[in-house]
Amino acid sequence: RPGDFNQAMMELGATVCIPRAPRCGACPVARFCEARATGRETELPVKLKKSAARDVPLDLAILRKGSELFLIQRAAGERRLAGFWELPPKALFPRWRGRLAAQFTHQIVNDRFRISVFEGPVPKVLPSGAWFAAKELDAIPLTTVSRKALTRLRIGAELKS
């Protein structure tokens, strides 16, 4: 029963193998412990330093046609958030001139996204995507970054960030 074994080992780690003050005398598996056998039980576990967050600029475009919003969908084979809908990156529209509408940050593990959201006219040529009414946005898988951007611009009041 590997699940029970793993749970028991985690319980030992939380209650007996306490960092800096391990209770080896109360440990039912002390005879198998390499740290104890080598006299390093107070040195372990080694706590790794967190790496500094990496700043990632991200410029997004808000394109509206009446009460509808243009979104693109992440490819099914993408590593992260496959199939999710999101605001298109401004870089998809090289000559497009939008005005800055909002800025915020969003952190995912070690990446700190510095997001700038631009609003402007709909370009003549659009990438593959779809138009959605604000009331439809809660019913589709939408990235958190896009939800935050739309919430800050008060688009789709029912959105949760």
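Up top is the structure.
K.L.:
Help me understand unusual backbone geometry, please; the structure alone is not making it clear to me.
P.N.:
For residues that are not glycine, phi is negative in most cases, and the peptide bond is trans in most cases. Here the phi dihedral of Leu81 falls at roughly 55°; this positive angle occurs in a residue that is not glycine. Counting through the fold element by element, Leu81 comes out in the loop between β2 (68-73) and β3 (85-86). Take Leu81: its relative accessible area is 33%, and that puts it in the partly exposed class. The phi dihedral of Val109 falls on the positive side, at around 50°, and the residue is not glycine. Within the secondary structure, Val109 is located in the loop between β4 (99-108) and β5 (111-120).

K.L.:
Sorry if this is basic, but what is going on with the pattern of salt bridges here?
P.N.:
Considering all chains together, one arrives at 10 salt bridges under this definition. Between Glu119 and Arg64 there is a salt bridge, with its nearest N and O atoms 2.5 Å apart. Placement of Glu119 in strand β5 and of Arg64 in strand β1 (residues 54-65) is noted, with a sequence separation of 55 residues between them. Exposure remark for Arg64: the relative accessible area of 38% places this residue in the partly exposed category. The network of salt bridges with common partners includes Asp55, Arg112 and Arg114.

K.L.:
What am I meant to see in helix α3 (residues 144-152) here?
P.N.:
Residues spaced three or four apart along an α-helix point in a common direction, a consequence of the helix completing one turn every 3.6 residues. Among all positions of α3, only Val145, Ser146, Arg147, Lys148, Ala149 and Leu150 are buried. Contacts made by the buried residues of α3 are with β1, β2, β3, β4 and β5. Trailing α3 by a residue or two, Arg154 shows a phi angle of about 55°, which is positive.

What counts and what doesn't
- Residues numbered from 1 in each chain as written.
- Predicted model: local features only at pLDDT ≥ 70, side-chain atom pairs only at ≥ 80, totals over all residues.
- Heavy atoms only, no water.
- Helix = DSSP H or I, 4+ residues; strand = E, 2+ residues; numbered from the N terminus.
- Buried < 20%, exposed > 50% of the residue type's maximum accessible area, 1.4 Å probe, protein only.
- Salt bridge = Lys/Arg side-chain N within 4 Å of Asp/Glu carboxyl O.
- Contact = heavy atoms within 4.5 Å.

All we've got here are geometric facts, nothing functional implied.
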